[in-house]
Amino acid sequence: MSAAVSAEQTMIGDGIERHISNNNNNGDREPRNNGTHAFETISECTTTSASSSSIFKSSMATTASNVSRSSSYHLQHLKSAYGASEEMLETEKASLVERVNDLERIVLEQKDEIVCLKSTLADVLRRLSTIDNSYDNAKNTEGSSHSGSVMSSKSFRFSRNTITRLNSSVDEKRFGRVPSRVTSSPSRNMSTAKASSLAQKAIHHSNGSLHSDSMSSHSISPAPSPSPKQPNMQNLTASAVGIGGVGSGGMGKRWSSTGDFVSGSPGPSVSSTGNSMSRFSTKSLLNLNSGLSGNGSKQTGSHAYVQRRDDDDYLKLYISGRPIVLHIPEAQISTYETTKVQPAPNKRLRLDWVYGYRGKDCRSNLHQLPTGEMVYFVAAVVILYNMDEQSQRHYVGHTDDVKSLAVHPNKLLVATGQCGGHDGRDTLPHVRVWNSVSLATLNVIGLGDFTGAINCLSFSRADSGTILAAIDDSPDKIISIWDWQKKENGRKITETKCSVDTIVAVEFHPLDKGQIITIGKNHIAFWSLDQNGMLYKRMGVFENREKPKYVTAITFTPAGDVVTGDSNGNISIWPRGTNVISRFLKKVHEGSIFSICALRNGGFVSGGKDGRLVLMDDSMRLKSEQLVEAHFGAVRVATQGKGSQLLIGTTKNCILSGDFTLGLVPIVMGHTDLLWSLSSHPQVAQFVTGGRDRLLQLWDSLSHSVVWSKDIGEPIQTVQFSNTGDTIIVGGVGGRWMVFDTVTRELLAVYQDGQDVIQTMKFSPDSNLLALGSKDGGIYIYQCTKVPHRFSKIGKCSGHSSYVSHMDWSKDSTVLRTNSGDYELLYWNPTLCRQITSHSTVKNLEWATQSCTVCFETVGIWPENFDGTDINSVCKDGEEQFLVTADDTGKVRLFSYPASQPKSLSHAYRGHSSHVTAVKFMHDGVRLLSSGGLDTSVLQWRVV
């Protein structure tokens with residue numbers, strides 16, 4: 001301000017000086033008044049000063065305004081810069097999260113590639129080992145002694161041993177143990193016996209059991225408890241020695257080991273065999289019949305359920321306390337002794353193919369493995385099916401129905417859970433962890449800990465599968481967590497009650513360690529497993545959205561969000577780490593969503609009760625739809641196969657393969673209800689089945705496929721090919737029986753006999769007569785005509801006091817023999833429809849088939865303390881070397897034919913989980929078929 005005043009004073013002074021100077025210059029021209037002049041000069045200076053002050057004030061106001069505007073501009077600029085910085089940080093943060101997700105996805109993809117490579121390598125090693133074993137077997141068969149061959153064999157054996165060491169090192173690093181090799185060589189068995197107990201359980205060894213339960217050559221399962229050594233008997237040849245029994249505990253009436261008839265006291269060793277042998281005590285098989293009868297007469301044969309006096313031409317077989325007289329053929333009367341032991345056949349059965357799939361009441365049981373095999377189960381068998389090579393391998397370690405399946409994150413290991421049986425400790429509910437390449441059992445978990453079936457399983461995924469979650473379908477629905485690699489039977493980390501209602505799935509979170517999700521009726525629960533082994537539960541919150549009755553399907557997005565489907569057809573998305581819904585897709589399906597599959601490209605496929613497959617992109621937007629044909633059933637499981645292919649399991653026990661472009665084709669088919677009837681074609685490799693699901697299906701046993709399937713409109717009890725194979729006779733449940741053309745499946749004729757179930761039927765060997773056995777106890781005889789589907793009724797045979805269960809024709813077609821539900825054995829003249837009571841005319845006959853379970857040829861198939869309904873079906877091969885039985889314990893047994901000795905040894909095989917309803921040899925006598933009842937499966941065996 002002082003500077004401004006000084007400037008103003010200087011300006012006034014300059015003005016006065018200019019005025020005085022002007023006056024001096026003009027003094028000569030015009031003189032003026034000095035006072036007036038001075039006043040004007042002062043006024044002018046004052047006016048100039050006021051003007052300058054106004055200019056200065058205006059300048060100051062402008063400056064202040066400019067400063068204010070500049071400050072506001074700078075503030076706005078700072079705010080804008082801060083906002084841009086915040087936006088940049090958010091962008092960087094989002095970009096960082098996206099990059100982290102990309103890295104996680106890349107890591108997972110690389111893990112998948114590594115897993116695929118490991119699986120491929122393991123599969124190659126398995127194939128090389130198979131080729132090596134085949135090569136060795138061929139060399140042993142040929143008996144070649146050429147040095148070149150020996151060198152070749154040795155060099156190849158070196159290769160195999162190298163492979164074995166590689167396998168051992170990999171398994172040792174991963175699991176801390178080395179699985180034993182599969183072998184049947186005695187020397188190798190001795191060396192294997194020195195291995196760990198877990199390794200012994202992993203391999204099915206020969207233990208010298210006389211009554212063995214041999215497994216498939218492709219299948220490995222835990223060996224049972226060792227049974228006593230066999231006695232050195234002349235009648236017990238080396239061919240009678242089987243491979244591993246099913247276990248000696250449980251049911252006393254089963255001959256599960258030599259302990260059933262070998263004394264417990266040790267006997268002297270036998271140097272000829274090099275093994276310590278037990279000898280029979282006074283209660284042993286050799287001395288069973290050494291006692292005297294009550295009247296002092298000596299019996300040449302006496303047994304707990306079979307009796308014969310020395311001068312009798314018959315023996316008595318006691319079934320449920322009822323004596324059945326069986327006449328001995330004249331050629332055997334002088335040599336027949338009940339004390340003899342008939343050895344088991346020197347050939348065995350190998351499981352060749354399994355028909356069927358369990359999709360009716362199981363979930364998440366269909367997976368694609370990196371080896372090119374799909375894995376699924378039916379009955380007590382887990383199948384590894386290579387669709388490209390049309391080959392199957394089988395894991396048969398289970399003893400009852402398999403109910404759940406989970407694949408380890410490394411894609412090599414598989415966990416399967418079963419329900420409980422009634423035949424000893426081995427049939428209790430448990431989980432088996434096994435190698436999908438070698439089929440070796442790595443651990444048996446929870447034997448004795450579970451009370452109900454294991455209906456859900458899941459390996460942890462964020463920690464490379466170190467723990468396993470299992471849902472026990474007991475009334476309390478227990479969830480248990482296992483360190484499955486610890487100890488021989490795993491270590492239970494914790495367990496707790498999961499829900500009062502049904503649980504349909506349990507899954508570990510793929511990214512968050514210790515996070516588990518369970519879904520089921522009225523709930524979805526988010527579980528956390530802490531470091532101390534405690535489980536904490538948070539229930540899912542639906543808020544104001546429609547709460548479903550069931551949460552039925554679950555999967556995960558690549559970012560870790562949970563995706564669920566429910567019984568109302570809705571899909572819900574639960575953000576990672578929360579228990580609330582962020583997105584809700586309504587009515588994606590009409591009815592329940594049974595499966596949601598996360599695809600490798602980030603998309604999703606859902607399938608449900610409406611039979612629709614819905615393809616969605618990674619944003620859950622609909623892209624395409626595919627409808628599954630109604631006769632295949634609704635979608636139960638959807639999973640990704642090779643490439644863009646999908647594998648679909650259905651509620652009618654079918655597996656389909658295809659995509660949304662080319663459609664779906666069936667690759668596995670089966671029955672859905674009780675399967676009781678089975679018949680093999682007399683000339684070609686085909687067979688026919690019929691079930692309570694009303695389906696009549698013709699199968700080809702070479703291509704392992706269904707030729708045709710037909711719904712006949714009523715439940716099927718029995719089926720039979722004609723002798724030429726041109727027609728199929730089908731017996732129904734209401735007395736009706738029908739004739740179908742084998743090629744066209746056309747219904748040719750319908751007949752009616754009574755109102756009860758047609759139980760069995762047989763054509764005579766000369767193709768002139770047809771006999772049908774009914775539940776009303778009658779046997780209806782028909783005359784065949786030149787027209788294949790025309791039959792003329794001859795009459796009805798009456799005499800049984802119960803339903804007719806089995807029948808056989810004599811080879812000359814003159815006599816018919818039948819069994820009934822109360823164990824009767826009667827003989828008939830079919831042309832007269834009269835019973836034959838003179839046994840001398842029938843005891844020497846030869847029979848075209850062997851279907852009757854109660855007759856002289858089948859005395860040895862009946863174990864002690866049995867029920868007469870235990871054995872459902874028997875069959876002999878065309879060359880009359882083997883006799884096969886099907887029983888209620890789910891076993892198929894192979895005897896030598898005839899099994900006429902009370903102690904007839906056999907090989908027994910598991911695979912079915914329900915009662916085995918029928919067994920039939922194929923026309924070539926090499927392959928055998930067995931049908932399960934409630935397990936709805938058909939197993940194809942090969943005699944080897």
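Residues numbered from 1 in each chain as written. Predicted model: local features only at pLDDT ≥ 70, side-chain atom pairs only at ≥ 80, totals over all residues. Heavy atoms only, no water.

We now examine the overall build of the protein chain. Counting secondary structure elements, the protein chain contains five helices and 60 strands. A sequence separation of at least 24 residues applies to 49% of the contacts in the protein chain between residues at least 6 apart. Summed over its atoms, the accessible surface of the protein chain is roughly 42,300 Å², and 51% of this surface lies on carbon and sulfur atoms. (Helix = DSSP H or I, 4+ residues; strand = E, 2+ residues; numbered from the N terminus. Contact = heavy atoms within 4.5 Å. Areas by Shrake-Rupley, 256 points an atom, 1.4 Å probe, with all protein chains shown as cover.)

So, about the pairing of strand β36 (residues 663-668). Pairing of strand β35 (residues 655-659) with β36, which is carried by five bridges, proceeds in the antiparallel orientation. Its bridge partner lying in β36, Ile655 is registered against Val668. Joining the antiparallel neighbours β35 and β36 is a turn of three residues. (Pairing = 2+ DSSP bridges.)

On to the pattern of salt bridges, then. Summed over the entire model, instances satisfying the criterion amount to 27 salt bridges. Between Arg545 and Glu543 there is a salt bridge, with its nearest N and O atoms 3.7 Å apart. When its relative accessible area of 25% is taken as the criterion, Arg545 is described as partly exposed. Given a relative accessible area of 54%, Glu543 falls into the exposed group. Residue Arg893 pairs with Asp887 through a salt bridge whose shortest N-O separation is 3.3 Å. Accessibility expressed as a relative area gives 8% for Arg893, which makes it buried. Taking relative accessible area as the criterion, Asp887 reaches 3% and is therefore assigned buried. It is possible to trace a salt-bridge network through shared partners that takes in Lys811, Glu846, Lys876 and Glu880. (Salt bridge = Lys/Arg side-chain N within 4 Å of Asp/Glu carboxyl O. Buried < 20%, exposed > 50% of the residue type's maximum accessible area, 1.4 Å probe, protein only.)

In this section: the nonpolar core. If you look at the biggest cluster of nonpolar residues, it comprises 59 residues, and the most contacted ones within it are Tyr376 and Leu613. Element by element, the count of residues in this core is highest for strand β8 (residues 349-355), at five residues. What Tyr376 contacts, discounting residues up to four positions off in sequence, is Gly356, Tyr357, Asn365, Leu366, Val381, Val382, Ile383, Tyr385, Gln392, Leu405, Ile655 and Val668. Ile324, Tyr336, Val815 and Val854 belong to the second largest nonpolar core, which has 29 residues in total. (Core = buried A, V, L, I, M, F, W, Y, C linked by side-chain atoms within 4.5 Å.)

This part is about the environment of Val506. In this structure, Val506 sits in strand β21 (residues 503-508). The sequence separation of Val506 and Ala470 amounts to 36 residues, and the corresponding C-alpha distance is 7.7 Å.

On the surface, Val124, Leu128 and Ile131 cluster together to form a nonpolar patch covering roughly 230 Å² of accessible area. Relative to the assigned elements, Val124 resides in helix α2 (residues 34-142). (Patch = residues over 30% accessible without salt bridge, like charges linked within 9 Å, V, L, I, M, F, W, Y side chains within 5 Å.)

The next point concerns the sheet that holds strand β19 (residues 478-483). Through backbone hydrogen bonds, the strands of a sheet pair up, either in parallel or in antiparallel fashion. Across the sheet, four strands lie side by side as β17-β18-β19-β20; this open sheet has antiparallel pairing. Where the open sheet ends on each side, the last strands, each with one partner, are β17 (454-459) and β20 (491-497). Geometrically, the sheet is characterised by an average inter-axis angle of 20 degrees between neighbouring strands, direction not taken into account. Strand direction decides the pairing type here: β19 and β20, joined by six bridges, are antiparallel. Across the sheet, residue Ile478 finds its bridge partner in β20, namely Lys497. (Axes fitted to C-alpha atoms, helices over the stretch in contact; angles between N-to-C directions.)

Take unusual backbone geometry next. What is expected of a backbone is that most residues other than glycine have negative phi and most peptide bonds are trans. Geometrically, the link from Tyr897 to Pro898 is a cis peptide bond, its omega value of -10 degrees lying close to zero. Tracing the chain through its elements places Pro898 in the loop between β55 (892-896) and β56 (903-904). Located in the positive-phi region is Lys411, a residue other than glycine, with phi close to 65 degrees. Tracing the chain through its elements places Lys411 in the loop between β13 (402-407) and β14 (413-418). Relative accessible area serves as the criterion here: at 32%, Lys411 is assigned to the partly exposed category.

As a further point, take the confidence of the model for the protein chain. Of the residues in the protein chain, 73% have a pLDDT of 70 or more, and the chain-wide mean is 79. Residue range residues 1-5 is modelled with pLDDT below 50. Its contacts to residues more than four positions away, or to other chains, number one contact. Across residues 144-302, where pLDDT falls below 50, the model places 312 contacts with residues more than four positions away in sequence or in other chains. (pLDDT = per-residue confidence, 0-100.)

Moving on: the sheet that holds strand β54 (residues 882-887). Pairing is antiparallel across the open sheet formed by four strands, whose spatial order is β53-β54-β55-β57. Across the chains shown, the open sheet's two edge strands, defined by having one partner strand only, are β53 (871-876) and β57 (907-909). The sheet shows a mean angle of 20 degrees between the axes of neighbouring strands, taken without regard to direction. Sheet analysis places β55 next to β57, joined by three bridges and oriented antiparallel.

With respect to the helices and strands, Gly777 occurs in the loop between β46 (769-774) and β47 (779-784). Separated by 20 residues in sequence, Gly777 and Cys797 have C-alpha atoms that sit 8.8 Å apart. In this structure Gly777 touches Cys797, His800, Ser802, Tyr803 and Val804, once residues within four positions along its chain are discounted.

Within the structure shown, the criterion is met by 19 aromatic pairs. Relative to Trp699, the ring of Tyr355 has its centre 5.2 Å away and its plane inclined at 70 degrees; by these criteria the two rings are edge-to-face. Here the residue Tyr355 occupies a position in strand β8, and Trp699 occupies one in strand β39 (residues 695-700), the gap between them amounting to 344 residues. Each member of the pair, Tyr355 together with Trp699, is buried. Between the aromatic rings of Phe687 and Trp699, the centroid separation amounts to 5.9 Å while the plane-to-plane angle is 5 degrees, which identifies the pairing as stacked. Highlighted residues: Phe687 in strand β38 (residues 686-691) and Trp699 in strand β39, separated in sequence by 12 residues. (Phe/Tyr/Trp six-rings, centres within 6.5 Å; stacked < 30°, edge-to-face > 60°.)

The next thing to look at is the pairing of strand β24 (residues 535-539). Across five bridges, strand β23 (residues 523-529) lies against β24 in antiparallel orientation. In the sheet register, Ala525 faces β24, and the bridge partner there is Met539. Where β23 hands over to β24, the hairpin turn is made up of five residues, of which Gly533 adopts a positive phi near 80 degrees.

Before going further, it helps to spend a moment on the side chain of Ser480. Its location among the elements puts Ser480 in strand β19. Polar side-chain contacts of Ser480 include one of 2.8 Å to the side chain of Trp482. Those residues in contact with Ser480 that lie beyond four places of it in its chain are Phe450, Leu468, Ala469, Ala470, Thr494 and Glu495. (Polar contact = N/O pair within 3.5 Å; in protein donor to acceptor, adjacent residues only side chain to side chain.)

According to the stated counting rule, one finds zero disulfides in the structure shown. Free of any disulfide, Cys498 has its nearest neighbouring cysteine sulfur in Cys456, separated by 8.7 Å. When its relative accessible area of 3% is taken as the criterion, Cys498 is described as buried. (Disulfide = S-S within 2.5 Å.)

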